[in-house]
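Coordinate inspection notes
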Amino acid sequence: MGARNDELLERYQRSVLGVFGLPPLVLAHGSGCHVWDVDGKRYLDLVGGLAVNALGHGHPALVSAISKQAGEAIHVSNLFTSEGQIALAERLVTLAGAPEGSAVFFANSGAEAIEAAIKLSRRTGRSGIVAAEGAFHGRTTGALALTHKPAYREPFEPLIPGVTHVAYGDEEALRAAVTDATAAVVLEPVQGEAGVLSPGPAYLRLARELTTAHGALLVLDEIQTGIGRTGTWFAFQQAGVVPDAITVAKGLGGGVPIGALVAFGPEVAGLLTAGQHGSTFGGNPLAAAAGLAVLQAIEDEGLVQHAATAGRHLVDAVTALHHPLVREVRGAGLLRAIVLTEPVAAQVAASAREAGFIVNPVAPDALRLAPPLVVTTEQLDEFVAALPALLDAATAPQPTSEES
Ligand SMILES: *Cc1c(COP(=O)(O)O)cnc(C)c1O
C-alpha cells in the first residue's frame, strides 16, 4: 500500500473504534464501478459497498436529485411529511406488488427496518419468532436476537426472548417450529452474509403456508436481495409467495442511508398505530429523493433485467474457466458467490485487491460479488480473465526464505 494509505490507517487505528478490524484501504472517490484509494490506485469494485451502491458512484441522476434536494430541504422531521416521502412509499408498494392498503415505515438502516418488523410482529399479541440458522438481520440488540452467528450474539446476551433458529431450507424443522404461539417467521430469500445461500422457492412457499395456517406473519428480509439485486425487484417475487411484510435498505438509497418496512395489506399495516413506533430521521426528504432517483434510474436503464442477464453471464464465464479451485457459482442475479474447493477466499481477495479488483471473502471458501447493478458484462469479463491467476496465486506454495 502507498504512503498516504498507511499514514491514514495509522490514524484510523488510534481514533476509530475497532469493531471493523483494520480496513485494508482508504478510499477517496469513485466513478461508475471504479473506486480510487488515497494513493491514486484504481479498483473495479465488485462488492458495491456491500450491495448498496446500486448505481455505482457519481451516477448523474442520483447526484443531481440529492444535490437539488439538499438545496430545498434536507430534513423536516416526522412531525411533518414531504412529497418525496409519500411518493417513495407509493413507489415501494407498487414495485412490491403489495395489495391496496399496504403501507411503509421509513427507517435509516437495515437493522432498524428489522426492529420495525419485530415490533409489528409483537402487535399480533404473540412473541415467538422463528428465524433461520445462518441468518443475518443486523446488529442492534433486537435484530441481533434474529441474527444467528454465535460470535455476534453471545457477548451481548441476554437478547430478546422467544426467538427460535431452524436449519435454513429444512422443511421439517420449519414445520416443527411454527406454532400458534409464533408471531412471525423471518427469513432472507437468499442469505447474503452466510455465503449467498438459497433455500429454493418451495421452502418460501412452505413458510407462507405454515404462517397462514398458524396465523403468524411471514416477514421476508429483502435488505440485501431487494431493489433489483437478484434479477427481480424483490427476490420473493421469484418464489411466487406474497409475504406479510418485507424489509428493504441497502440498495434503496444508492448509498444514502435509508431503510423501510413494507407492511402488506391494511390488516398488517394497521398493527402499528400512532405513537407505537418512530424515527427522527427516517424517510427524510434527502433520503426519499435518493430512493426515488435510484428506483427511477433502475427502471429507466432496465437494470432489473440487466442484473438477471449479467448475473447469468458471470456464472457462465466463471464456470467456463473449469478452474480446479472453483466448485460452483451460486446465488441469483448480481448477488453471487464463487465457491472454492479450498478455504482460501481471504488470500484470493487479497491478491485480487493487489490486481485492482474488490471482492468479498464472505466465507473461508466463498467470494461474494454484489457489484453495482450498472456493472457491464465487459467489466465482469475483465475480472473473470484475471481470476485464474488470482486463484493460482492463492494456492501456490509460499516461497521459502532461500528462494526469495
Ligand atoms: C445488511 C443486512 C442487514 C442489516 O442492515 P444494516 O443497514 O447494516 O443495519 C439486515 N439484513 C440483511 C439481509 C442484510 O444484508
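Just so it is clear, the structure is predicted and the values come from calculations on it, not from any experiment.

1. Things to note about the sheet that holds strand β6 (residues 163–166)
Ordered by their spatial adjacency, seven strands build an open sheet running β4-β10-β9-β8-β7-β5-β6, and the pairing between neighbours is mixed. Edge strands, defined here as strands with exactly one partner in the open sheet, are β4 (103–107) and β6. If you compare each strand with its neighbour and ignore which way they point, the axes differ by 20° on average. The strands touched by helix α9 (residues 201–214) within the sheet are β6, β7 (182–187) and β8 (217–221), with β8 carrying the most contacts at an inclination of about 150°.

2. Topic: the UniProt feature "modified residue: N6-(pyridoxal phosphate)lysine" (unreviewed entry) in the protein
Look at the UniProt record and you will see "modified residue: N6-(pyridoxal phosphate)lysine" (unreviewed entry) annotated at K250. Examined against the element boundaries, K250 turns out to sit in the loop between β9 (245–248) and β10 (259–263). Discounting residues that sit within four places of it in the chain, K250 has contacts with L50, A51, V52, I223 and Q224.

3. Here we look at the UniProt feature "binding site: pyridoxal 5'-phosphate" (unreviewed entry) in the protein
Under the UniProt annotation, "binding site: pyridoxal 5'-phosphate" (unreviewed entry) lies at G110, A111, F136, D221, E222, I223, Q224 and T280. Over a stretch of 171 residues, the named residues are scattered through the fold, their C-alpha atoms separated by up to 25.0 Å. Restricting the annotated residues just mentioned to those that line the largest cavity leaves T280. The topology assignment puts G110 in helix α5 (residues 110–122). Apart from residues lying up to four places away in sequence, G110 is in contact with I223 and A249. By the element assignment, D221 lies in strand β8. The exposure class of D221 is buried, given its relative accessible area of 4%. Not counting chain neighbours up to four residues away, the residues in contact with D221 comprise I114, F136, H137, L187, E188, P189 and T247. Looking at D221, its side chain comes within polar contact range of the main-chain nitrogen of I223, at 2.9 Å.

4. Things to note about the packing of aromatic side chains
A ring pair, where both rings are aromatic, is described by two values, the distance of the centres and the angle of the planes. Under the counting rule described, the total for this entry stands at five aromatic pairs. Measuring from ring centre to ring centre gives 6.1 Å for F136 and Y152, while their planes differ by 80°; the resulting arrangement is edge-to-face. Taken as a pair, F136 in the loop between β5 (128–132) and α6 (141–146) and Y152 in helix α7 (residues 150–153) lie far apart in primary sequence, 16 residues in all. On the basis of relative accessibility, which here comes to 23%, the residue Y152 falls in the partly exposed class.

5. Details of the site of the ligand
Taken together, the neighbourhood of the ligand is formed by S109, G110, A111, F136, H137, G138, E188, D221, I223, Q224 and K250. Between A111 and the ligand, the recorded distance is 2.7 Å, taken from a backbone N or O atom to an oxygen atom. At 2.7 Å, a side-chain N or O of Q224 approaches an oxygen atom of the ligand. Contact with the protein chains removes 81% of the 380 Å² of surface that the ligand exposes when unbound. Its residues placed into classes, the shell around the ligand shows three nonpolar, five polar and three charged.

6. Let's talk about helix α14 (residues 377–395)
Helix length check: α14, at 19 residues, gives a terminal C-alpha distance of 27 Å against a target of 27 Å (1.5 Å per residue), a fit within 8%. By the burial criterion, the buried members of α14 are Q379, L380, F383, V384, A386, L387, L390, L391 and A394.

7. Here's the deal with empty space enclosed by the protein
What the rule picks out here adds up to one cavity of 30 Å³ or more. Approximately 50 Å³ is the volume found for the largest cavity. Lining the largest cavity are 14 residues; nearest its centre among them are V76, S77, N78, G283 and N284.

8. Some points on the environment of W233
By secondary structure assignment, the location of W233 is in the loop between β8 and β9. With relative accessibility at 15%, the residue W233 sits in the buried group. Residues W233 and L95, spaced 138 residues apart in sequence, show a C-alpha to C-alpha distance of 6.7 Å. Leaving out residues up to four positions away in the same chain, W233 has contacts with L95, G226, I227, G228, L295, I298, E299 and V304.

9. A word on the domain arrangement of the protein
The domains assigned to the protein are domain 1 (3–58 + 302–395) and domain 2 (73–300). Both faces combined, the contact of domain 1 with domain 2 buries some 2000 Å², and carbon together with sulfur accounts for 62% of it. Area buried by domain 1 at its contact with domain 2 is led by V52, V304 and L335, which between them contribute 28% of it. We note a salt bridge from R368 to E193, for which the minimum N-O separation is 2.7 Å. Across the domain 1-domain 2 interface, the total number found is 11 residue pairs in polar contact (both at pLDDT 80 or more). Broken down by element, the side of domain 1 that touches domain 2 gets its largest block of residues, four residues, from helix α12 (residues 303–320). In terms of residue class, the side of domain 1 that touches domain 2 is built from 18 nonpolar, four polar and three charged.

10. Some words on the environment of A290
Structurally, A290 is set in helix α11 (residues 285–300). In this structure the C-alpha to C-alpha distance between A290 and G84, which are 206 residues apart in sequence, comes to 9.4 Å. Those residues in contact with A290 that lie beyond four places of it in its chain are L62, I66, L252, G253 and V256.

Criteria and thresholds
- Residues numbered from 1 in each chain as written.
- Predicted model: local features only at pLDDT ≥ 70, side-chain atom pairs only at ≥ 80, totals over all residues.
- Heavy atoms only, no water.
- Pairing = 2+ DSSP bridges.
- Helix = DSSP H or I, 4+ residues; strand = E, 2+ residues; numbered from the N terminus.
- Axes fitted to C-alpha atoms, helices over the stretch in contact; angles between N-to-C directions.
- Contact = heavy atoms within 4.5 Å.
- UniProt positions renumbered as here; feature names shortened; annotations may be inferred.
- 1 Å grid on protein atoms, 1.4 Å probe; cavity = no way out; pocket = protein on both sides within 12 Å on 5 of 7 lines; lining within 4 Å.
- Buried < 20%, exposed > 50% of the residue type's maximum accessible area, 1.4 Å probe, protein only.
- Polar contact = N/O pair within 3.5 Å; in protein donor to acceptor, adjacent residues only side chain to side chain.
- Phe/Tyr/Trp six-rings, centres within 6.5 Å; stacked < 30°, edge-to-face > 60°.
- Near = heavy atom within 4 Å.
- Areas by Shrake-Rupley, 256 points an atom, 1.4 Å probe, with all protein chains shown as cover.
- Nonpolar A, V, L, I, M, F, W, Y, C, P; charged D, E, K, R; others polar.
- Expected span 1.5 Å × (residues − 1).
- Points joined across faces, edges and corners; volume = space filled by probe spheres on them.
- Domains from an automatic or database assignment.
- Buried area = accessible area lost by both parts, 1.4 Å probe.
- Salt bridge = Lys/Arg side-chain N within 4 Å of Asp/Glu carboxyl O.

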